[in-house]
Amino acid sequence: QVQLVESGGGSVQAGGSLRLSCVEYGYTYSTVYMGWFRQAPGKEREGVAGISKGGGKTYYADSVKGRFTISQDNAKNAVYLQMNSLKPEDTAMYYCAAGVTSRWYSPPEDATEYKYWGQGTQVTVSS
C-alpha cells in the first residue's frame, strides 16, 4: 500500500556532503513518521534520524548529531537527509522507512517500529 524510494547516495571523500531523498508513494496518509536507517556489512541496522510527519519532531543518533539534518516536504511526500562532514564510518546502505503507530511524541529509533521500507541507497565515504 505504501512504497518508499530512496535516492542521492554515492561515493565521496571524507569531509564531503551528500543529500539523500526519500519519496513516499501510495496511501501516504496512513504513515505518521519517517526515519533513516543504515546498515554496514557485518553490522546490525542502526537508526540514524527520524521525523514525525505532523509535528516535525526529530531524533538523531549520537554518532551523527551536528552533522546530519533530517527534513521533510509534505507537499511532495518527501523526506531528506542532509549529511555533512562525512566520515568513513558513515559508509553503509541507507534505508528510508515509514511507520503507522500513533503513539510517539518523537519518531522511534527502533527499526521494528517501522512498517514500510525502501530498497536502500549506498553511501561510501573514502579516507
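Before reading further, recall that the structure is shown in the block above.
The notes below deal with the structure included here. (Residues numbered from 1 in each chain as written. Predicted model: local features only at pLDDT ≥ 70, side-chain atom pairs only at ≥ 80, totals over all residues. Heavy atoms only, no water.)

Right, let's talk about the overall build of the protein chain for a bit. When helices and strands are counted, the protein chain shows 0 helices and 11 strands. Relative to the 2.2 N^0.38 estimate, which gives 14 Å for 127 residues, the radius of gyration of the protein chain is 14 Å and therefore close to what a compact globule would have. The dimensions of the protein chain, computed from C-alpha atoms along their principal axes, are 40 × 25 × 25 Å. Burial analysis of the protein chain (127 residues in total) assigns 42% to the buried set. Considering only contacts in the protein chain between residues 6 or more positions apart, those separated by 24 or more positions represent 58%. Element-wise, carbon and sulfur atoms account for 46% of the exposed surface of the protein chain, whose accessible area totals about 6700 Å². (Helix = DSSP H or I, 4+ residues; strand = E, 2+ residues; numbered from the N terminus. Rg over C-alpha atoms; globule rule 2.2 N^0.38 Å. Buried < 20%, exposed > 50% of the residue type's maximum accessible area, 1.4 Å probe, protein only. Contact = heavy atoms within 4.5 Å. Areas by Shrake-Rupley, 256 points an atom, 1.4 Å probe, with all protein chains shown as cover.)

Another aspect to go through is the pattern of salt bridges. In the structure shown here, the tally under the stated rule is 4 salt bridges. The shortest N-O distance in the salt bridge between Asp 90 and Arg 38 comes to 2.9 Å. Of this pair, Asp 90 sits in the loop between β8 (78–83) and β9 (92–99) while Arg 38 sits in strand β4 (residues 33–39), placing them 52 residues apart in sequence. No difference in accessibility class separates Asp 90 from Arg 38, as the two residues are buried. With a closest N to O distance of 2.8 Å, Arg 67 and Asp 90 form a salt bridge. (Salt bridge = Lys/Arg side-chain N within 4 Å of Asp/Glu carboxyl O.)

Of the two faces of strand β11 (residues 121–126), the one lined by Thr 121, Val 123 and Val 125 is fully buried and the one lined by Gln 122, Thr 124 and Ser 126 carries no buried residue. Relative to β11, strand β2 (residues 10–13) runs parallel, the two sharing 4 bridges. Following the sheet pairing, Gln 13 is matched in β11 by Ser 126. Of the strand pairs in this sheet, β9 and β11 are connected by 3 bridges, and their pairing is antiparallel. In the strand pairing of β11, Ala 92 is matched with Val 123. (Pairing = 2+ DSSP bridges.)

Further remarks concern the environment of Ser 127. Structurally, Ser 127 can be placed in the segment after β11. Residues Ser 127 and Gln 13 lie 114 residues apart in sequence; the distance between their C-alpha atoms is 6.1 Å. Aside from chain neighbours lying at most four places away, what touches Ser 127 is Ala 14 and Pro 88.

Strand order across the open sheet formed by 4 strands is β1-β3-β8-β7, with antiparallel pairing between neighbours. Of all the strands in the sheet, just β1 (2–7) and β7 (68–73) have a single pairing partner and so form its edges. The sheet shows a mean angle of 15° between the axes of neighbouring strands, taken without regard to direction. With 6 bridges joining them, strand β3 (residues 18–26) and β8 adopt antiparallel strand pairing. Within the sheet, the bridge partner assigned to Leu 18 lies in β8 and is Met 83. (Axes fitted to C-alpha atoms, helices over the stretch in contact; angles between N-to-C directions.)

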